[in-house]
Amino acid sequence: MTSNLLLREYDCLYQCGSAPPGGLTIDQDSYDYLRGSVLARKSDSPEGVTGQGDDPDESDNPEIFRLISRAGHECIQARNYVGLVKTPAGTNIEILPKTLGEEESSAKARDLLLKMIAVASDLAIPEKDASLGSHEAPLIDALIKRFLDQTNDLVHKGLRRDYQRTASTRPYIRGRLNISKQMRQPVSKLETFHIEFDLYSIDTPENRLIKLALEKALKLSASSDNQRMAKELLPAFGQATYPNDIQYEFSKWRDRRDMVHYRPLKPWVELLLKNFSPMLYQGQWEGVSMLFPMEQLFEKYVGFCLQKQLPRRYKITEQASSKHLVKHNGHNWFQLRPDFLVSAEGENISVLDAKWKLLNSSNSKYKYGMSQQDLYQLFAYGEKYLEGNRDMYLVYPCNRQFKTPLPVFQFTETLSLWAVPLDLDSGEVLFPQQAFKTEHVEGPRHHQSISH
């Protein structure tokens, strides 16, 4: 039996009969399965540190849930991944970002998440679909509906066909006779011919990937309308085979002039196939999922907003990697990779890092909720990329307790750090007045809008 649960980041799930008052419960089969997956991940996680002190990459084994205890009750806590998880028992778990507090509506959270996913995945979303404020459907269903609409448009415009080299055994000759195979033909089968010919077919890399994405959409969506539409579209791709190597097929996706009507669909296919995670944990995972790390989504969204907001004279480099923390035995160790390096006329102007964390500007006793490690990190960036002389910025999501920049953090007399909010509705970083002031300010940068 299918059931639906709505969570926010860091919410907890309890098993039936053992939850505190107000605790969110999940069916026993799904709880046992998630609990077993958490324990399997813990036992499979590599121990120790990696070479040269680099941070270990957990992208192949992400911590989606964690087993903890609250008020004497064992529970499974969601982490900082958002999207959809479907358990083998049929339970749909939708995880939304936590931004404004408990009173924030699920529709507003879905609206924000849709914008961030659209920016991070380069999706074309019409303005009329860019807000989910009047929709209560899960976010994944809204995304899949848009993918199905794009696929439907493609089918009506006509699927691209191409000649595919085909080998076959027939009682007649068509195309080219394969002499080597024919000479090895047993005497009892001399009446058949090994031939090769070009078949004009829809079995192209693009159509194979779209067909697979339709299958994934059918599994992910809980909407009966989406399932019906996916089933109606699949026969149009019936002659397309399933790809064995998704990455290889994407490398063969063509961007020729006669394929222009396929262009809007490619990001949607990538979204479905590259975020589809049959192996949510190392070990056995029989459910399906479509999950996004909130830190990465927020970082991409901040970069998009900066491109819109800063004057064109500034160059924004994402994940700059030209500096290292130390040199040891002639080798550079600990690469420094700020989220954004801003430069102008060949000179580095500022460094910015995006942090998906809720600050409280009235709580200086507890450092506003900031991390000491983040400040150490920015100090290293400032010394190496800015030579200890400029203003830097930590960008956090705007919330009711953090609406204006915090007072400046002074590393030295010449190196400063500002904690600034990003207005999630307008997409504007609320810099202090003196930030990025120039004598000649040009117009805003050209940017790609999420509305097309």
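How each quantity is defined
Residues numbered from 1 in each chain as written. Predicted model: local features only at pLDDT ≥ 70, side-chain atom pairs only at ≥ 80, totals over all residues. Heavy atoms only, no water. pLDDT = per-residue confidence, 0-100. Contact = heavy atoms within 4.5 Å. Core = buried A, V, L, I, M, F, W, Y, C linked by side-chain atoms within 4.5 Å. Buried < 20%, exposed > 50% of the residue type's maximum accessible area, 1.4 Å probe, protein only. 1 Å grid on protein atoms, 1.4 Å probe; cavity = no way out; pocket = protein on both sides within 12 Å on 5 of 7 lines; lining within 4 Å. Points joined across faces, edges and corners; volume = space filled by probe spheres on them. Helix = DSSP H or I, 4+ residues; strand = E, 2+ residues; numbered from the N terminus. Nonpolar A, V, L, I, M, F, W, Y, C, P; charged D, E, K, R; others polar. Pairing = 2+ DSSP bridges. Axes fitted to C-alpha atoms, helices over the stretch in contact; angles between N-to-C directions. Phe/Tyr/Trp six-rings, centres within 6.5 Å; stacked < 30°, edge-to-face > 60°. Lys NZ or Arg CZ within 6 Å of the ring centre and 35° of its normal. Lys, Arg positive; Asp, Glu negative; His and termini not counted. Salt bridge = Lys/Arg side-chain N within 4 Å of Asp/Glu carboxyl O. Polar contact = N/O pair within 3.5 Å; in protein donor to acceptor, adjacent residues only side chain to side chain.

What follows covers the confidence of the model for the protein. When pLDDT is low, close inspection of the predicted coordinates is not appropriate. When pLDDT is averaged across the protein, the result is 82; 80% of the residues are at 70 or more. Note on residues 276-285: pLDDT is under 50 here. Beyond four places in sequence and across chains, it has 33 contacts. Note that pLDDT drops below 50 for residues 438-452; the model gives that stretch 40 contacts with residues more than four away or on any other chain.

The next subject is the nonpolar core. Of all hydrophobic cores here, the largest spans 89 residues; its most connected members are Phe147, Val269 and Phe436. Beyond its immediate chain neighbours, meaning those up to four positions away, phenylalanine 436 contacts Leu310, Tyr314, Val342, Ile349, Ser350, Leu352, Tyr393 and Phe431. Core analysis: the next-biggest nonpolar cluster, separate from the first, contains 20 residues, Met370, Leu386, Leu394 and Leu406 among them.

Our next topic: empty space enclosed by the protein. Applying the stated criterion to the full structure yields one cavity of 30 Å³ or more. Around the largest cavity sit Leu143, Ile144, Phe147, Trp268, Leu271, Leu272 and Met290, which together line it. Of all the secondary structure elements, the ones that give two or more residues to the lining of the largest cavity are helix H3 (139-157) and helix H8 (266-274). Along the lines of polarity and charge, the residues of the lining of the largest cavity split into seven nonpolar, no polar and no charged.

The sheet built from four strands is open, its strands ordered S3-S2-S5-S4 with mixed pairing. The sheet terminates laterally at strand S3 (24-26) and strand S4 (65-70), the two strands that pair on one side only. Ignoring which end each strand starts from, the neighbouring axes of this sheet average 45 degrees apart. Both S4 and strand S5 (residues 73-78) contribute to a ladder of six bridges, which runs antiparallel. Within S5, the position partnered with arginine 66 by the bridge is glutamine 77.

Once that is clear, we can look at the packing of aromatic side chains. Tallied over the entire structure, the rule returns 11 aromatic pairs. Ring centres 5.2 Å apart and planes at 55 degrees place the aromatic pair phenylalanine 298 and tryptophan 356 in the tilted group. Here phenylalanine 298, found in helix H9 (residues 294-309), pairs with tryptophan 356, found in the loop between strand S16 (347-354) and helix H10 (372-385); they are 58 residues apart in sequence, far enough to count as distant. The class of phenylalanine 298 is buried, set by a relative accessible area of 0%. With a centroid separation of 6.2 Å and 85 degrees between ring planes, the pair formed by tyrosine 396 and phenylalanine 402 is classed as edge-to-face. Exposure class is identical for tyrosine 396 and phenylalanine 402. Each is buried. Connected via pairs of aromatic rings, a cluster forms that spans Tyr314, Tyr393, Phe431 and Phe436. For the cation-ring pair, lysine 211 lies above tyrosine 242, with the distance from its terminal atom to the ring centre recorded as 4.5 Å. A cation over a ring is seen here: arginine 313 above tyrosine 314, with NZ or CZ 5.2 Å from the ring centre.

Looking now at the side chain of glutamate 9. With respect to the helices and strands, glutamate 9 occurs in the loop between strand S1 (3-8) and strand S2 (12-15). The side chain of glutamate 9 is buried and forms no salt bridge, while arginine 8, the nearest opposite charge, is found at 8.2 Å. Side chain to side chain, glutamate 9 and tryptophan 356 meet in a polar contact 2.9 Å long. Excluding residues within four positions of it along the chain, glutamate 9 makes contact with Ala78, Arg79, Asn80, Val82, Ile95, Leu96, Pro97, Lys98, Met294 and Trp356.

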